[in-house]
Amino acid sequence: MRKVKIGLIGCGTVGGGVVKLLFKEGSNYQDRFGPEIELAKVCSRTKSKITALGVPEDRIVDDYRQIIDDPEIDIVVELVGGTGFAGDVVRDALKAGKNVVTANKALLAEYGEEIFHLADSGEGSVSFEAAVGGGIPIVDPLKRSLVGNRINYVMGILNGTTNYMLTRMANEGLDYASVLADAQRLGYAEADPTADVEGHDAAAKIALLSSMVFNSRVNVHDVYTNGISTISPVDFKRADHMGYVIKLLAIGRRTAEGIDVRVHPAMLPKSHPMASVNGVYNAVYVCGEPIGDVMFFGQGAGEGATASAVMGNIIDAARCIAEGSPVGFACTCIYKLPYMPIEDLESRYYIRLEVKDQHGTLHAISEVFDDCGISIRTMNQSILGENSCELTFVTHTARESNVQQALNKIAQLDCLESIGTLIRIEEN
């Protein structure tokens, strides 16, 4: 088998992990899988960091075109991140007939249709196992092992930062601000945590998963997204009492009306396999026919986990190249299924309100729910202060648009002090 050469663009945490794996395990990879894989060139702005990893200086370049234009390089590994420069790298590599390996969820979730069609029209390919779930093998199983199934539902805990935060809030009774500060101090959350805590990171990942399982391209901008910042310690106590845990769930569901794709906090029964996924771990739960329910669990981020997934794609591509066989998968988004708007969702809801403790408050709120066609399953009241109390409602199955209409009307009532939390209850 001939030597397969790779060019690495971007050598941050994950890129450094890939370099370490290649130098540590390169000979073992060749013994086990056949082709010799050579790190031919690395493009990075931090030359000292690359040389510290053991990369010879003559293999380090400062212009990514030196990798794209090198006819001897077979695989371009893009680990820059973002959608600007990284998009130029991936597009130019595919136009040059290179095979691309990337961990870039944001790029594929927004420009996937363009990028995969570009790959299909040329000689290159795109492999992206590390883009969803870090070290969890989910892309390859969906594209190979489960391809004989009709997938009706996919649900994921896809962001380790928020899962760590929610786990600590549940177990220790801490508030959102305290846990976020700890997560930032420990390096689990960025200085600007918006992408994680507001659900945007998980939205990009569920867009990719939904595109695969429903064979219809889902753009990240079409994913309904809601974060965890409004959840309070009291919500975890209420959930626990009712037999639920609270998780930030990324959900893709096939419906008669179209694809239902969303990211939001949800109450999940304690008996559900996903309920025990805690800390920084991720999981993906898939329901298909005839397979039934399967779950993939593991580390969703970090140098080792993500580099493992990237390396798996590199080795797979190298074997194909050495054998002269096609690399990767063609774009399988052959349908244009409509999206089901969040307003059409039917679910049970947990709603917490802070109100004035006065005569007629409960009657006024109950009347609004009734007028909007919402049936209340349970209601609890607790005193907050001398003149205020908290009302917690759990509804029977209701339509999202009706719930939002009710909350808008309640917001106009004189007895309302604040709308605390709305959490959907996911029973699947």
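Structural data are supplied above this passage.
Cut-offs and rules
- Residues numbered from 1 in each chain as written.
- Predicted model: local features only at pLDDT ≥ 70, side-chain atom pairs only at ≥ 80, totals over all residues.
- Heavy atoms only, no water.
- Helix = DSSP H or I, 4+ residues; strand = E, 2+ residues; numbered from the N terminus.
- Rg over C-alpha atoms; globule rule 2.2 N^0.38 Å.
- Buried < 20%, exposed > 50% of the residue type's maximum accessible area, 1.4 Å probe, protein only.
- Contact = heavy atoms within 4.5 Å.
- Areas by Shrake-Rupley, 256 points an atom, 1.4 Å probe, with all protein chains shown as cover.
- Lys, Arg positive; Asp, Glu negative; His and termini not counted.
- Charge placed at Lys NZ, Arg CZ, Asp CG, Glu CD.
- Salt bridge = Lys/Arg side-chain N within 4 Å of Asp/Glu carboxyl O.
- Pairing = 2+ DSSP bridges.
- Axes fitted to C-alpha atoms, helices over the stretch in contact; angles between N-to-C directions.
- Core = buried A, V, L, I, M, F, W, Y, C linked by side-chain atoms within 4.5 Å.
- Bend = angle between axes of the 7 residues up to and from the residue.
- Polar contact = N/O pair within 3.5 Å; in protein donor to acceptor, adjacent residues only side chain to side chain.

Re the overall build of the protein chain
Point 1. Looking only at helices and strands, one finds 14 helices and 17 strands in the protein chain.
Point 2. Compactness check: the protein chain gives a C-alpha radius of gyration of 24 Å against a globular reference of 22 Å for 428 residues, within 12% of the reference.
Point 3. The C-alpha extent of the protein chain, read off along each of the three principal axes, is 80 × 45 × 35 Å.
Point 4. By residue count, 53% of the 428 residues in the protein chain fall in the buried class.
Point 5. Here the contacts in the protein chain between residues at least 6 apart in sequence split such that 73% fall between residues at least 24 apart.
Point 6. Within the structure as shown, the protein chain displays about 18,300 Å² of accessible surface, and the carbon and sulfur contribution to it stands at 47%.
Point 7. In the protein chain, which carries 39 positive and 55 negative side-chain charges, the distance between the mean positions of the two groups comes to 4 Å.

Considerations on the pattern of salt bridges
Point 1. A full pass over the atoms with the stated rule returns 29 salt bridges.
Point 2. In this structure, the salt-bridge partner of Asp182 is Arg168, at a minimum N-O distance of 3.0 Å. With Asp182 in helix α8 (residues 176-185) and Arg168 in helix α7 (residues 160-172), the pair connects residues that are 14 residues apart, well separated along the chain.
Point 3. By relative accessible area, Arg168 is classed as buried at 16%.
Point 4. Glu427 is paired through a salt bridge with Arg348; the nearest N and O atoms lie 2.4 Å apart. Here Glu427 is found in the segment after β17 (416-425), whereas its partner Arg348 is found in strand β13 (residues 346-356), with 79 residues between them in sequence.
Point 5. For Glu427, a relative accessible area of 40% translates into the label partly exposed.
Point 6. Because the salt bridges share partners, they merge into one network encompassing Asp235, Arg238, Arg352, Glu354 and Glu390.

Some remarks on the sheet that holds strand β3 (residues 60-61)
Point 1. A sheet is described by the order of its strands in space; here six strands give the open sequence β3-β2-β1-β4-β5-β6, paired in parallel fashion. The two strands at the open ends of the sheet, each matched to only one other strand, are β3 and β6 (125-127).
Point 2. Two elements, strand β1 (residues 4-9) and strand β2 (residues 37-43), share six bridges in a ladder whose sense is parallel. Each bridged residue has a counterpart across the sheet, and for Leu8 the counterpart in β2 is Val42.
Point 3. Contacts between helix α1 (residues 13-33) and the sheet are confined to β1 and β2, with β2 contributing the most and set at about 150 degrees to the helix.
Point 4. This element, helix α5 (residues 105-121), spans β5 (99-102) and β6 of the sheet and lies at about 145 degrees to β6.

A few points about the side chain of Asp92
Point 1. Within the secondary structure, Asp92 sits in helix α4 (residues 85-95).
Point 2. Taking relative accessible area as the criterion, Asp92 reaches 19% and is therefore assigned buried.
Point 3. If near-sequence neighbours (up to four positions away) are discounted, Asp92 is found in contact with Tyr64, Arg65 and Ile68.

A short note on the nonpolar core
Point 1. Of all hydrophobic cores here, the largest spans 76 residues; its most connected members are Ile138, Met165, Ile206 and Leu209.
Point 2. Broken down by element, this core gets its largest block of residues, ten residues, from helix α10 (residues 200-214).
Point 3. Counting 33 residues, the second-largest nonpolar core is a separate cluster that includes Leu8, Val55, Leu79 and Ala103.

As for the pairing of strand β4 (residues 75-78)
Point 1. Of the two faces of β4, both are covered, the one formed by Ile75 and Val77 as well as the one formed by Val76 and Glu78.
Point 2. As paired elements, β1 and β4 share four bridges and run parallel to each other. Within β4, the residue paired with Ile6 across the bridge is Ile75.
Point 3. Both β4 and β5 contribute to a ladder of four bridges, which runs parallel. Among the inter-strand pairings, Val77 is bridged to a residue of β5, identified as Val101.

Concerning α5
Point 1. Remark: the principal bend of α5, roughly 90 degrees, maps to Tyr111.
Point 2. The complete set of buried residues in α5 reads Leu107, Leu108, Ala109, Gly112, Ile115, Phe116 and Ala119.
Point 3. For α5, the secondary structure elements touched by its buried residues are α4, β5, β6 and α10.
Point 4. Backbone nitrogen of Ala106 and a side-chain oxygen of the N-cap are separated by 3.4 Å at the start of α5; the cap is Asn104.

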